[in-house]
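Commentary on secondary and tertiary structure
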Amino acid sequence: MPRATTGTPGALASGSASDVISSALQDRLRRNRFVVIGRAGLDLYPDPFGTKIAEADRFRSDVGGSAGNIAVSLARLGAQASLISPLADDPVGRFTRNTLGRYGVDTALCRAIGGEYRNTLALAEIRSEDCEVVIYRNGVADFELSIADVAQIDHRSVGAVIATGTALAREPSREATLEAMRQARIAGTPTILDMDYRAYSWGSGDEAGRVYREAADLSEMLIGNDDEFGVAAGGRDRGESYARDLAAQAGALAVYKMGERGARTHIGNEVIETGIFPVETRKPFGAGDAFLGTLLASLAGGKALDEALERGAAAAALVVSRDGCASSMPDNAELAAFMASRTLIPAKEGA
């Protein structure tokens, strides 16, 4: 099980940190309906898997993009997941909409946008080593997210609004996403920020840091890695200190992902350390989306925080051991079977 400690001398019994999530937050999450803001698009994988892009003569398709993947993860685990993201009024946009629908994601709030706007195209290799990913983000539809789009959110029924960091990188999507977070806070709807920092989408690191800090101030829960918390903090070496301060001073729940070293969740002055489930890695992407979707679906289902984090770690391991991205998100039966057959390895000491 995860190990819980405090930031001051003395130890907190394992599992007791689960009780520090407020009952109000738990009650809202148990509505089990999530709105996810951000990008979704077309992923193409060289076929057969393991082939390099430069050597491929055919490809397999799937839905990708952080917001799309998170929404699929939630839907596969029985949550109601709605995506808000403009989708191109072309065959790729319709593929994205149709495939999300087959996975159980509600796309009613995804406005069709014409003209020269396009959904993201990603070519990604299913390889554990020397894995190359090429992402096309020119004239992308999701950056055309508007305040009118996010005004459609019905906060009376929503359990939480999930904003992804890529949606903050450009206008008008940036202001629309921040406004969605502001309106959520006014309505008492929990706001969750998946930091999802992609440097190529931003004008500069300084700009990204300023915007991330503004979004962090509107968030009840944040999830990110060294680079993502680091850009908000103004330096990679300051990332975890920033996450710790958000938890201790602003009351946010900050999940600090460390890849194969596990994760640390800062909440108040306490820390929950979550380990990993070792697997044979097939690819290095998709884990974070599975982790967050499973964490939230588990909390919505009434799981304690430490158990929800452990389930998130299991989903992340499953996804990197499988081919594809959205298609690799586990359902509850797959997750239970995996966890019953594997042992969680504690987070590395001193990591």
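This is a predicted model, so every value here is computed, not measured.

Let's talk about helix α2 (residues 66-76)
With respect to burial, α2 is a largely interior element, ten of its eleven residues being buried. For α2, every residue scored as buried is listed here: Ser66, Ala67, Gly68, Asn69, Ile70, Ala71, Val72, Ser73, Leu74 and Ala75. Positioned one or two residues after α2, Gly78 has a phi angle of 95°, which is positive.

Points about the confidence of the model for the chain
Looking at the chain as a whole, its pLDDT mean stands at 92, while 93% of the residues score no less than 70. Every residue in residues 1-18 is under pLDDT 50, and counting partners more than four places away or in other chains gives 38 contacts.

Examining the pattern of salt bridges
By the definition in use, this model includes 26 salt bridges. Of the charged contacts in the structure, one is a salt bridge between Asp47 and Arg60, with a shortest N-O distance of 3.2 Å. Taken together, the positions of Asp47 in the loop between β3 (41-46) and β4 (59-64) and Arg60 in strand β4 put the pair 13 residues apart, joining distant regions of the chain. Residue Arg60 is classed as partly exposed on the basis of its relative accessible area of 43%. Between Glu175 and Arg182 there is a salt bridge, and its shortest N-O distance comes to 2.7 Å.

Some remarks on the pairing of strand β13 (residues 253-257)
The buried fraction of β13 amounts to five of the five residues, a majority that puts the element mostly inside the structure. Pairing geometry for strand β12 (residues 221-224) and β13, over four bridges, is parallel. Looking at the pairing, Ile223 lines up with Val255 of β13. Pairing geometry for β13 and strand β14 (residues 263-267), over five bridges, is antiparallel. Following the sheet pairing, Lys257 is matched in β14 by Ala263. Between the antiparallel neighbours β13 and β14 lie five residues, among them Gly259 with a positive phi of about 60°.

Thresholds applied
Throughout this description, residue numbers start from 1 for each chain and increase along the sequence as written. Given that this is a predicted model, residues contribute local features only at a pLDDT of at least 70 and side-chain atom pairs are listed and counted only at 80 or more, while totals for whole chains, interfaces and linings are drawn from all residues. To obtain the side-chain values, all non-hydrogen atoms of the structure were included, while hydrogens and water were left out. Each residue's exposure class comes from its accessible area (1.4 Å probe, protein chains only) as a fraction of the maximum for that residue type: buried when under 20%, exposed when over 50%, partly exposed otherwise. In DSSP terms, a helix is any run of H or I states spanning at least four residues, a strand is any run of E spanning at least two, and both are numbered starting from the N terminus. Confidence scores here are pLDDT values: one per residue, from the predictor, ranging 0 to 100. The contact criterion used is simple: two residues touch if any of their non-hydrogen atoms lie within 4.5 Å. Salt-bridge detection follows one rule: a side-chain nitrogen of Lys or Arg within 4 Å of a carboxyl oxygen of Asp or Glu. The rule for pairing is simple: two strands pair if DSSP sees at least two bridges between them.

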